[in-house]
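Chain by chain, the residues:
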Amino acid sequence: MTARVFGLGHPDRGDDAVGLLVADDVRRRAPLGVEVRRLEGSPLELLTSWDDADDVIVVDAVRAPTAPGLVRRFDVLAGQLPVMGSTGGTHDASLIDAIELARALGRLPAGLVVYGVYGASFGVGDAMTPAVRDAAQALGERIAGEVVPRRG
């Protein structure tokens, strides 16, 4: 079984970098055999990046009318993802677009969990919101304990 964690985001757009921060934290904490990747480009890259993975976790920032730092977990195979706010145009397609395209093409991994971290600061050069930074650290620890390394 192959476990892979993807952190999505843009490093220079405040809270949008939360997926990258979580990926870095998971890489330090996860058991050997868990692959962790940072994706700073389009979420559409997931369609080829998770091809040979059995269990996938994706972390991305979302803009939402709620307190920054709130984390939501979605089991993609249990149903469609809810509509989540965009991160202000930092990607050419949203994470939901990529997932629904993969679903339509029959290219979803056997297990797919998405963590959305709500943020408020997405401008170029913005600092990450303290609540989002705190959520990233807690989420990194949670995911590192959740992933199961490759066997065999």
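What counts, and where the lines are drawn
- Residues numbered from 1 in each chain as written.
- Predicted model: local features only at pLDDT ≥ 70, side-chain atom pairs only at ≥ 80, totals over all residues.
- Heavy atoms only, no water.
- Helix = DSSP H or I, 4+ residues; strand = E, 2+ residues; numbered from the N terminus.
- Buried < 20%, exposed > 50% of the residue type's maximum accessible area, 1.4 Å probe, protein only.
- Areas by Shrake-Rupley, 256 points an atom, 1.4 Å probe, with all protein chains shown as cover.
- Pairing = 2+ DSSP bridges.
- Axes fitted to C-alpha atoms, helices over the stretch in contact; angles between N-to-C directions.
- Contact = heavy atoms within 4.5 Å.
- Core = buried A, V, L, I, M, F, W, Y, C linked by side-chain atoms within 4.5 Å.
- Expected span 1.5 Å × (residues − 1).
- Salt bridge = Lys/Arg side-chain N within 4 Å of Asp/Glu carboxyl O.

Enquirer: Give a detailed account of the overall build of the protein, specifying residues and quantitative values.
Expert: On a plain count of helices and strands, the protein comes out with four helices and five strands. Listing the helices and strands of the protein from first to last along the sequence gives β-α-β-α-β-β-α-β-α. Split into buried and exposed, the 152 residues of the protein put 49% on the buried side. Carbon and sulfur atoms make up 51% of the accessible area of the protein, which totals about 7,000 Å².

Enquirer: Any chance you could break down the sheet that holds strand 2 (residues 35–39) for me, citing the residues and the numbers?
Expert: The strands making up a sheet are joined through hydrogen bonds of the backbone, oriented either antiparallel or parallel. With mixed pairing, the five strands of this open sheet are ordered in space as 2-1-3-5-4. With partners counted over all chains shown, the strands left at the sheet margins are strand 2 and strand 4 (71–75), one partner each. In this sheet, neighbouring strand axes are inclined to one another by 20° on average, regardless of whether the strands run parallel or antiparallel. Strand direction decides the pairing type here: strand 4 and strand 5 (residues 111–119), joined by five bridges, are antiparallel. The residue of strand 5 that forms the bridge with Asp75 is Val113. Across the face of the sheet, helix 4 (residues 130–146) comes into contact with strand 1 (3–8), strand 3 (55–63), strand 4 and strand 5 while running at roughly 165° to strand 5.

Enquirer: Which residues make up the nonpolar core, and what are the values?
Expert: In summary, soluble globular proteins display a tendency toward joint burial of nonpolar side chains. Formed by 24 residues in total, the largest nonpolar core has its most connected members in Val5, Val18, Val22, Ile57, Val59 and Ile143. Tallying contributions element by element places helix 4 first for this core, with six residues. Excluding its chain neighbours within four sequence positions, the residues that come into contact with Ile57 are Arg4, Val5, Phe6, Val113, Tyr115, Ile143, Glu146 and Val147. By size, the runner-up hydrophobic cluster in this structure holds 19 residues, among which are Val76, Leu95, Ile99 and Leu112.

Enquirer: Help me get a handle on helix 1 (residues 18–29), residues and values and all.
Expert: With 12 residues, helix 1 should cover 16 Å at 1.5 Å per step; its first-to-last C-alpha distance of 17 Å lies within 8% of that length. All buried positions along helix 1 are accounted for by Val18, Gly19, Leu20, Val22, Ala23, Asp25 and Val26. Buried residues along helix 1 sit in contact with strand 1, strand 2, strand 3, strand 5 and helix 4.

Enquirer: Please give an account of the pattern of salt bridges that cites residues and values.
Expert: A side chain of one charge can pair with a side chain of the opposite charge when the charged atoms of the two come close. Under the criterion given, the structure shown has 12 salt bridges. For the salt bridge of Asp25 with Arg28, the shortest nitrogen-to-oxygen distance reads 3.2 Å. On the criterion of helical spacing, the pair formed by Asp25 and Arg28 is a turn pair, its members being three residues apart in helix 1. Judged by its relative accessible area of 63%, Arg28 is exposed.

Enquirer: Give me the pairing of strand 1: which residues, what numbers.
Expert: When you tally the buried positions in strand 1, you get six out of six residues, the bulk of the element. Burial of strand 1 is two-sided: the residues Ala3, Val5 and Gly7 facing one way and the residues Arg4, Phe6 and Leu8 facing the other way are all buried. Relative to strand 3, strand 1 runs parallel, the two being bridged by five bridges. Looking at strand 3, one finds that Arg4 is bridged to Val56. For strand 1 and strand 2, the ladder comprises five bridges, and the chain directions are parallel. Pairing of Gly7 across the sheet is with Arg38, part of strand 2.

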